[in-house]
Amino acid sequence: MFGYRTIVLANPKDLKDLFSPKVDSPFLRRIPPFKGIKALGMESDGLLFNNDVPKWKNNRKYFSQSLSPPSFIKLSAIYTNQACEELVGYWNDLKQNEIVKLDEWFRSFTSDMMGLVVSGIKENSMQLTNDKRIKPKYSLKSKENEEEKEHEITSGERYRNLRSEYSDALGFLVFVPPFLWNFPIIKPKVEHYKNVLKELGNFELELIEKRKNTMKQRQPGINSDNSSGKIRDDFLTMLIKSTENEMSTEDADVIKQNIREMFGAGIATTTSTLCAIVHCLAKHPEVEKRMVDELFQVLGPDRDVRVEDFDQLKFTEAIINETIRLNPVVPLVHRYSTDTELEIAGHRFPPNTIFGINLAHIQRNPKYFPNPEKFDPDRFYTGDWKKRSPQYAFSPFGHGMRSCPGKHFAMAEIKAILANIYRKFTFKLAYPNKPLPWRYTVVNEIGTFEVYVVPREKSILSNSAA
Ligand code: HEM
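Thresholds, definitions, all that
Residues numbered from 1 in each chain as written. Predicted model: local features only at pLDDT ≥ 70, side-chain atom pairs only at ≥ 80, totals over all residues. Heavy atoms only, no water. Phe/Tyr/Trp six-rings, centres within 6.5 Å; stacked < 30°, edge-to-face > 60°. Helix = DSSP H or I, 4+ residues; strand = E, 2+ residues; numbered from the N terminus. Lys NZ or Arg CZ within 6 Å of the ring centre and 35° of its normal. UniProt positions renumbered as here; feature names shortened; annotations may be inferred. Contact = heavy atoms within 4.5 Å. Near = heavy atom within 4 Å. Polar contact = N/O pair within 3.5 Å; in protein donor to acceptor, adjacent residues only side chain to side chain. Nonpolar A, V, L, I, M, F, W, Y, C, P; charged D, E, K, R; others polar. Buried < 20%, exposed > 50% of the residue type's maximum accessible area, 1.4 Å probe, protein only. Pairing = 2+ DSSP bridges. Salt bridge = Lys/Arg side-chain N within 4 Å of Asp/Glu carboxyl O. Expected span 1.5 Å × (residues − 1).

Engineer: I'm lost on the packing of aromatic side chains in this one. Help?
Structural biologist: The geometry of two aromatic rings is summed up by the distance between their centres and the angle between their planes. By the definition in use, this model includes 18 aromatic pairs. Judged by centre distance (4.8 Å) and plane angle (10 degrees), the rings of tyrosine 159 and phenylalanine 203 are stacked. Taken together, the residues span a long stretch of sequence, with tyrosine 159 in helix α7 (residues 155-175) and phenylalanine 203 in helix α8 (residues 187-217) at a distance of 44 residues. By the ring-pair criterion, three or more aromatic residues cluster together here, those being Tyr90, Trp91, Trp105, Phe106, Tyr422, Phe425 and Phe427. It is arginine 163 that lies over the ring of tyrosine 159; its NZ or CZ is 5.1 Å from the centre. The ring of tyrosine 166 carries arginine 260 above its face, with NZ or CZ at 5.0 Å from the centroid.

Structure representation (structure tokens):
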């Protein structure tokens, strides 16, 4: 990894220490310090690449606390329903036999949805995806086109563009070695990304200050919009509340980085998982039918999804698990040891060793998952799968102190999206023989994935006609 020796482990019985839930575990760091990570302000802020263990612990506490209050979870379901309503509206207007890029729709959907969940800023990503579909030349990036000059960029769109450039910066600064940063063709790009970081930081600071002022003036209480006299209960409000009185000058940095990571860790992972689910279901219509039956049974044809429904969608959950078993968006999870020598898997390793845990390999091992290449959600539906497989054989969200803090949020969100869209539509693969277009960046990400979106009534009619 990045020129460092990495010890790759693929046997669940060797993972106990690496996945330890202890606060003093020697595996609380993920990767070694990189200059690129430092330039992005992630070396001692946020969670993903934070190497400063005491600071990481604080951030982790704020991040997790902000994701867990019942009011936040309840509102997340409401925001997901709102975003789904917009998506369904656009998809109802699709032409018959129009091929759509599902990865783009899901990326813009999750981006808008995260915008609502994080701070309420309307990012218009789905609207833009829809406009591009109708007017192919429309693009916010180039300013050449007359049509674009008429479109005044909103602050939500500006925010989304800055964040998108921030993700590009993440890929670039982490993967391009620092000794190249001063080369004439590379230097302008590095300077550009530094400006993006500055502008994004200013934008976020303004957002935080505005919210703090609103919080001083308004009444606390559950509220999903800005119209009433109450404070909007979203991730930003939760973060401000959880950091208040505990941190002083640093709190804005903590909030900024946690918000960035909510978007950074939440969008690509959810988008790719959703595309993979659609792909698996299109290949297994009998499984899709069982899921749709469950959705209609629990929710009826039109009702919005509520938090209480999530536990009842057991077969839907089994489909999500089976999809991420075969398609883990984080196929290799890392741990970076402390500066003492350690024994792992019966071998002694020097201080500061990188370990890679090969989830993709473990989750396809026939010892733990018989007939592993088969897409079979019943593995997770019938009986107690946890008893049948050894600990750590299924770890799509990692384990231990650095496991994914967004796990429950992601599962709820994916269930809510499936429940909303599969009661209205089904999907046919535009190119049934093409495998899923994975590309590895910081995580496993889906590339262009083309499908037909078919309204469910029509598909039922055509199935019964056949
Ligand atoms: C299908 C969706 C997702 C999958 C499969 C996934 C998977 C993972 C995995 C495997 C890790 C590394 C765990 C480890 O090292 O043990 C991780 C870390 C992380 N994830 Fe997720 N994730 C998903 C969605 C999300 C969402 C929606 C959020 C935000 C709400 C999120 C936030 C994070 C953060 C902040 C970390 C770093 C935690 C730390 O270092 O302390 N993830 N995720």
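Engineer: So what exactly am I meant to see when it comes to the UniProt feature "binding site: heme" (unreviewed entry) in the chain here?
Structural biologist: Residues annotated by UniProt as "binding site: heme" (unreviewed entry) correspond here to Cys404. With respect to the helices and strands, cysteine 404 occurs in the loop between α15 (385-388) and α16 (407-422). Those residues in contact with cysteine 404, other than ones at most four positions away along the chain, are Arg60 and Phe397.

Engineer: Sorry if this is basic, but what is going on with the site of the ligand here?
Structural biologist: Every one of the 27 residues lining the ligand counts as a neighbour, but Arg30, Trp56, Arg60, Arg335 and Cys404 are closest to it. Arginine 30 is positioned such that a nitrogen or oxygen atom in its side chain is 2.7 Å from an oxygen atom of the ligand. Between an oxygen atom of the ligand and a side-chain N or O atom of tryptophan 56, the distance comes to 2.9 Å. Sorting the residues of the shell around the ligand by element identifies α2 (53-67), α10 (251-283), β3 (332-336) and α16 as the ones contributing at least two each. In terms of residues, the shell around the ligand owes the most to one element, α10, which gives 5 residues. By residue class, the composition of the shell around the ligand is 16 nonpolar, 7 polar and 4 charged.

Engineer: Is there a simple way to explain the side chain of threonine 129 in this structure?
Structural biologist: You can see threonine 129 is positioned in helix α5 (residues 125-134). Polar contacts involving the side chain of threonine 129 include one to the side chain of serine 108, which spans 3.0 Å. Residues within four places of threonine 129 in sequence aside, it is in contact with Glu104, Trp105 and Ser108.

Engineer: Help me understand the pairing of β3, please; the structure alone is not making it clear to me.
Structural biologist: Every other side chain in a regular strand lies on the same face of the sheet, so the side chains alternate between the two faces. Of all 5 residues making up β3, 4 are buried, and the element is well covered by its neighbours. For β3 and strand β6 (residues 354-358), the ladder comprises 5 bridges, and the chain directions are antiparallel. In the strand pairing of β6, arginine 335 is matched with phenylalanine 355.

Engineer: Please explain the pattern of salt bridges as it appears in this structure.
Structural biologist: Should the charged atoms of two oppositely charged side chains come close, the side chains can pair. Under the definition given, this model contains 25 salt bridges. Between arginine 260 and glutamate 204 there is a salt bridge, with its nearest N and O atoms 2.8 Å apart. Of this pair, arginine 260 sits in helix α10 while glutamate 204 sits in helix α8, placing them 56 residues apart in sequence. The exposure class of glutamate 204 is buried, given its relative accessible area of 2%. For the salt bridge of lysine 289 with aspartate 293, the shortest nitrogen-to-oxygen distance reads 2.9 Å. Placement of both lysine 289 and aspartate 293 in helix α11 (residues 285-299) is noted, with a separation of 4 residues, approximately one turn of the helix. A cluster of three or more residues bridged by salt bridges with shared partners is formed by Asp103, Arg107, Arg439 and Glu445.

Engineer: For this particular structure, what's the right way to read α7?
Structural biologist: In an α-helix, one full turn covers 3.6 residues, which means residues spaced three or four apart are oriented alike. With 21 residues, α7 extends 30 Å between its outermost C-alpha atoms, agreeing within 8% with the 30 Å of an ideal straight helix rising 1.5 Å per residue. Taken together, the buried positions of α7 are occupied by Gly156, Glu157, Tyr159, Arg160, Leu162, Arg163, Tyr166, Ala169, Leu170, Phe172, Leu173 and Val174.

Engineer: Can you help me understand helix α4 (residues 102-118) in this one?
Structural biologist: Here α4 spans 24 Å end to end across 17 residues, near enough to the 24 Å set by a 1.5 Å rise per residue. Where burial is concerned, most of α4 is hidden: 15 out of the 17 residues are buried. Remark: glycine 120 follows α4 within two positions and exhibits a positive phi of approximately 90 degrees.

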